[in-house]
Amino acid sequence: MLNAILETVLFLWLFALLAMFFLLGHCLSRRAARSHELLLRSWFIHLRWTNVALPAAVLTWIFILHHSNDPLRYVKWSETSYIFLASCQVLAPPLLALLAYQLGAIGLVRRAVEPGLRLRNLLAAWFWGTLSGPVPLLFLITGLVFAAFSYLRLAAVLSGCAALCYLVSQRAHWQSMGITFEPIGAGELRDRILAIARLASVKPTSLRLLRSSRRPLATAFAASGNSICISASLVENLPKPELDAIAAHELAHLRYKHNLLMLPALLAPPFVFIALFSAIPWPPLQRYAHFLALPPGICLAVAFSRYFERKADRLAASLIPEPAALIRALARVTALNLLPTQWSGWDAKLFSHPSVAERAAHIASTFHLPLGEVLPQLSPPPAAPEDLYPLPPPEPDSVLNLHVQRSELLRNLSVLASFALPPLALTWLHSSLSPLFLWTSAAAASLALNYLVETLRQVFDFRSLESSFRLRYHLSGGIFTAFAPSVDPRYFNGFAFWDVGVTSTEGGLLSFQGERLSFTISSTACSAAASPAVPRKARIGLLRADAFDFFLADRSFRLIALTSRHALPALIHAWSVAPPPSLTPHLPDFPQVESSTPSQVDSLSALFAGTVLIALVTAALTPLLAQGWTPFPALAAAAAGLADGLLRRFVSRPKPAARP
């Protein structure tokens, strides 16, 4: 009788969940259809309900299952089958509810993209958007709840699946939405951002321009690895002082390491309240501590996020000449996204960012701005065309950029595999080896395998890059080389060098033809920093390559052979001993490149994120592939990944060559 009642309750809950989400999506779709101006506002409500209602549905569903005395207790096939069926039982209703919501809001989805979009593109955008957003969120929340209930095996599987889903689908999600990332090339915009970065004591490794081919996207954000992304819509609509303020705000996040602190600030508060409520000697509170701790935990996490935003606002306003420009910039971005200036109701309490009116009041009080000056800033006039930064032209398909984007996912997966598989393989020997020797060997094997895999990957990457480059520009002779704007190993926009191309000599001229620049110089036009017969060695990741350093107009440069070992010395020697021509060719205007050192590329935020990802993936693989489960393989893999990051961060690098 009790089982029949329980099954009825579960069925009714599932039906109500599907009906509620379908009706919600349908109502939002009808609201967006009434007015085109309400489209983005309805899309905003769509995201809010996806991020709030779905976790609430998951928690309610887990609560029902937790008090049903384990409906899967009759499954005794194996531990792996139990984990699989339990995961499906927990996640199937929320995922079905999300599908019902998307079906109800299909009109909203269609209006959120360009007119005439093909069905297959719409389905691709929906699939990758779901796989990169709500699905990892559901996996992560469910895994955290099971960890709180001491179901560590199931929590490990779900958390690892969340990490893998996000990693695999992130780039495909951007592509399905028509969003591309391009390096911000040399020009006024890049120079100004780098000038503000120097004031903030930040050295960004990448400045990216975000273009959207479907609908305007007014946003900017700071990413791991000291990277800044600014959308083209902001460049087209914000005057120069306001765009400077937005860039300063994102640089402030990098200065205070908010991208490193945000994840612990969001995840730690619920567990703190769970431990606090569980320690109170009151049985009802202890029994429901996992659910009662979530509201205050979420509120505390939101408070941390708002504190980070206010702190970044204060620093950004101090980095620009006019603090009121930040208020105007925030108000203009809010207007571009069709959002209200002041939150109301629960929005004012649950949004991760304060409203523009609240942020404006905080900036005014910090910098003693009169109220009469602040209120007009919330409704700035349209920007004149002459007040805008020139939008960088769309960059043609770069062989180097396309190659890096294609190989990025493969690189991440190879790093995960090299750190996760050795501890997993040694798990089978857990009964015959001492734990200390076992996990020390696992960490050492992970490091060795990672270095081997990365070396082989770089070798094949450079060969593939050379083939693509020669095919694009119809070049057969010469040596495939990298051109660096400094003999000191530096990075900018994700590259350890400025350009790739082919170097060749003819007579007394040395020619370089690359994607970004081409030049021809004579042997008397520069002074070499190293003997041509014994060139220097350059480090590209783990590889050592032949390099030649030279100076032009009081600036140092470096050519690095990427694939042809020992060919560059002979080429440079032939160039240096050949008689120079009577006319020295005109030297091109080499662009100034602001860059960061290798230790800043391997930033703490990227190192922390990589360590967590390695631990989650290893913890997820162990109960599925190994005979027994223990957290030690994940800890060994995480320790190996952390050690590798620290070694790369503090390893000695070649020093710049001294000018003769």
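Criteria and cut-off values
- Residues numbered from 1 in each chain as written.
- Predicted model: local features only at pLDDT ≥ 70, side-chain atom pairs only at ≥ 80, totals over all residues.
- Heavy atoms only, no water.
- Helix = DSSP H or I, 4+ residues; strand = E, 2+ residues; numbered from the N terminus.
- Buried < 20%, exposed > 50% of the residue type's maximum accessible area, 1.4 Å probe, protein only.
- Contact = heavy atoms within 4.5 Å.
- Areas by Shrake-Rupley, 256 points an atom, 1.4 Å probe, with all protein chains shown as cover.
- Axes fitted to C-alpha atoms, helices over the stretch in contact; angles between N-to-C directions.
- Parallel < 35°, antiparallel > 145°, perpendicular 65-115°, else oblique.
- Nonpolar A, V, L, I, M, F, W, Y, C, P; charged D, E, K, R; others polar.
- Pairing = 2+ DSSP bridges.
- Polar contact = N/O pair within 3.5 Å; in protein donor to acceptor, adjacent residues only side chain to side chain.
- Expected span 1.5 Å × (residues − 1).
- Arc of directions from axis to C-beta.
- Phe/Tyr/Trp six-rings, centres within 6.5 Å; stacked < 30°, edge-to-face > 60°.
- Lys NZ or Arg CZ within 6 Å of the ring centre and 35° of its normal.
- Patch = residues over 30% accessible without salt bridge, like charges linked within 9 Å, V, L, I, M, F, W, Y side chains within 5 Å.
- Salt bridge = Lys/Arg side-chain N within 4 Å of Asp/Glu carboxyl O.
- Core = buried A, V, L, I, M, F, W, Y, C linked by side-chain atoms within 4.5 Å.

A. Region of the structure containing the overall build of the protein. Scanning the protein from terminus to terminus reveals 24 helices and 12 strands. When each of the 660 residues of the protein is scored for burial, the buried share is 47%. Counting only contacts in the protein whose residues sit at least 6 apart along the sequence, the fraction spanning at least 24 positions is 71%. Surface summary for the protein: the accessible area is close to 31,500 Å², and the carbon and sulfur share equals 66%.

B. How the structure looks around the packing of helix H15 (residues 324-336) against helix H17 (residues 356-366). At a minimum axis distance of 10 Å, the contact between H15 and H17 shows a crossing angle of 180°. By the angle between their directions, the pair H15 and H17 is classed as roughly antiparallel. Contacts between H15 and H17 involve Leu326, Ile327, Leu330, Ala331 and Thr334 from the first element and Val356, Arg359, Ala360 and Ile363 from the second. Classifying every residue of the contact of H15 with H17 gives 7 nonpolar, 1 polar and 1 charged.

C. Layout of the sheet that holds strand S2 (residues 206-212). Taken together, the 4 strands give an open sheet; going across it, the order is S1-S2-S4-S3, and neighbouring strands pair in mixed fashion. Each end of this open sheet is capped by a strand with a single partner; those strands are strand S1 (179-183) and strand S3 (220-223). With strand direction ignored, the average angle separating the axes of adjacent strands in the sheet is 25°. Two elements, S1 and S2, share 5 bridges in a ladder whose sense is antiparallel.

D. Broad picture of the side chain of serine 418. Among the secondary structure elements, serine 418 is positioned in helix H19 (residues 399-426). A polar contact is formed between the side chain of serine 418 and the backbone oxygen of valine 415, at a distance of 2.9 Å. Among the polar contacts made by the side chain of serine 418, one reaches the side chain of asparagine 450 at a distance of 3.2 Å. Excluding residues that lie within four positions of it along the chain, serine 418 makes contacts with Ser446, Leu449, Asn450 and Val453.

E. Main features of helix H10 (residues 240-255). If you check H10, its first and last C-alpha atoms are 22 Å apart, about what 16 residues at 1.5 Å a residue would give, namely 22 Å. Burial analysis of H10 places 13 of its 16 residues in the buried class, the great majority of the element. At the C-terminal side of H10, lysine 257 shows a positive phi close to 60°.

F. Broad picture of helix H8 (residues 188-199). For H8, which comprises 12 residues, the first-to-last C-alpha distance of 17 Å matches the rise-based estimate of 16 Å (1.5 Å per residue) to within 8%. Listed in full, the buried residues belonging to H8 are Leu189, Arg190, Ile193, Leu194, Ile196 and Ala197. One face of H8 carries all of its buried residues, which in axial projection span an arc of 160°. Packed against the buried residues of H8 are S2, strand S4 (227-231), helix H9 (232-237), H10 and helix H14 (294-319). Remark: serine 201 follows H8 within two positions and exhibits a positive phi of approximately 60°.

G. Here's a closer look at the packing of aromatic side chains. Within this structure, the stated rule accounts for 9 aromatic pairs. When the centroid spacing of 5.7 Å and the interplanar angle of 50° are considered together, the rings of phenylalanine 469 and phenylalanine 480 count as tilted. Taken as a pair, phenylalanine 469 in helix H20 (residues 435-473) and phenylalanine 480 in strand S5 (residues 479-484) lie far apart in primary sequence, 11 residues in all. Since its relative accessible area comes to 0%, phenylalanine 469 is described here as buried. Between phenylalanine 512 and phenylalanine 519, the aromatic rings sit 5.5 Å apart at their centres with planes inclined by 25°, giving stacked as the arrangement. In this structure phenylalanine 512 comes out as buried when scored by relative accessible area, which is 1%. Looking at phenylalanine 519, the relative accessible area reads 4%, which means it is buried. One aromatic cluster is present, built from ring pairs that chain together Phe483, Phe512, Phe519 and Phe557. Between the NZ or CZ atom of lysine 311 and the centre of the ring of tyrosine 256, over which it lies, the distance is 4.3 Å. The lysine or arginine in question, arginine 463, covers the ring of phenylalanine 460, its NZ or CZ lying 6.0 Å from the ring centre.

H. Seen up close, a nonpolar patch on the surface. A cluster of nonpolar side chains, namely Leu164, Val168, Leu409 and Leu413, defines an oily patch on the protein surface of about 260 Å² accessible area. At the level of secondary structure, the elements contributing two or more residues to the nonpolar patch comprise helix H7 (152-176) and H19. Along the chain, the position of valine 168 falls in helix H7.

I. Representation of the pairing of S5. Burial analysis of S5 places 6 of its 6 residues in the buried class, which makes it a mostly covered element. Neither face of S5 is exposed, since Ile479, Thr481 and Phe483 on one face and Phe480, Ala482 and Ala484 on the opposite face are all buried. Bridge analysis of S5 against strand S6 (residues 499-506) gives 5 bridges, and the strand direction is antiparallel. Bridge pairing links alanine 482 to valine 500 in S6.

J. Examining the nonpolar core more closely. Ranked by size, the top nonpolar core spans 49 residues in total, and within it Ile230, Leu234, Leu243, Ile246 and Leu326 carry the most contacts. Looking at this core, the elements that each hand over two or more residues are H8, S2, S4, H9, H10, H14, H15 and H17. Excluding residues within four positions of it along the chain, isoleucine 246 makes contact with Ala220, Leu234, Leu238, Ala329, Leu330 and Val333.

K. Local environment of unusual backbone geometry. Of note in the backbone geometry, serine 201 takes a positive phi value of approximately 60° without being a glycine. With respect to the secondary-structure elements, serine 201 resides in the loop between H8 and S2. Among the residues examined, serine 201 registers a relative accessible area of 59% and is labelled exposed. Even without glycine at this site, lysine 257 takes up a positive phi of about 60°. Mapped onto the elements, lysine 257 comes out in the loop between H10 and helix H11 (258-279).

L. Molecular detail of the environment of leucine 164. Positionally, leucine 164 belongs in helix H7. Taking the C-alpha atoms as reference, leucine 164 lies 7.2 Å from valine 617; in sequence the two are 453 residues apart. Each residue touching leucine 164, except ones within four places of it in the same chain, is listed here: Leu416 and Val617.

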